[in-house]
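# Report on the structure
Listed here are the chains, written in short residue letters.
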Amino acid sequence: TMSRYSIANLSNTSLNKYIPFNRMLHMHIHLGYVMVGVVFVATIFFFGFFGKLCANGEQAFCDKFTSEIMITGYCILAFL
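Residues numbered from 1 in each chain as written. Predicted model: local features only at pLDDT ≥ 70, side-chain atom pairs only at ≥ 80, totals over all residues. Heavy atoms only, no water.

### As for the environment of M70
The line we're drawing: Labels follow the DSSP assignment, with helices taken as runs of H or I lasting at least four residues and strands as runs of E lasting at least two, numbered in each case from the N terminus. Whether two residues touch is decided by their heavy atoms; if any such pair falls within 4.5 Å, the residues are in contact.
One can find M70 in helix α4 (residues 68–79). In this structure, M70 is in contact with F46, F47, K64 and F65, ignoring residues within four places of it in sequence.

### Observations regarding the packing of aromatic side chains
How we decide: What counts as a ring pair is set by centres within 6.5 Å for rings of Phe, Tyr and Trp (its six-membered ring), and what kind of pair is set by the plane angle: stacked under 30 degrees, edge-to-face over 60, tilted for all other angles. Residue burial is assigned from relative accessible area. The probe radius is 1.4 Å, only protein chains are included, and a residue is buried under 20% of its type maximum, exposed over 50%, and partly exposed in between.
According to the stated counting rule, one finds 4 aromatic pairs in the structure shown. Aromatic side chains F46 and F47 sit 5.3 Å apart centroid to centroid with 75° between the ring planes, which places their arrangement in the edge-to-face category. Residue classification places F46 among the partly exposed residues on the basis of a relative accessible area of 33%. For F47, a relative accessible area of 29% translates into the label partly exposed. Considering the side-chain rings of F46 and F50, the 4.7 Å spacing of their centres and the 50° angle between planes classify their relative orientation as tilted. Within this pair, F46 and its partner F50 are both found in helix α2 (residues 21–55), separated by 4 residues, close to a single helical turn. By way of ring pairs, the aromatic residues F46, F47, F49, F50 and Y74 are connected into one cluster.

### Details of the state of the cysteines
By definition, a disulfide links the sulfur atoms of two cysteine residues through a covalent bond. Note the threshold: Disulfides are defined in this document as cysteine sulfur pairs within 2.5 Å.
Scanning the model with the defined rule gives 0 disulfides in all. For C75, which is in no disulfide, the shortest distance to another cysteine sulfur is to C54 and amounts to 19 Å.

Set out below in structure tokens:
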């Protein structure tokens, strides 16, 4: 957000004639949405991959779903 606010404030200066700050701001917002989408899809693939291996009888993968680090990740995800 700091970068976005800085770009927005710079777009109101005389430098905007030489540097396209408005386009940078739109690109910055677009990249933010793309990254949120990538993380969302990666999370789905992660749970799908581990869930399939766990369903196939791989006990090592089932144990990882209840490990301490995984439970910490669940808590962080719940607070988001």
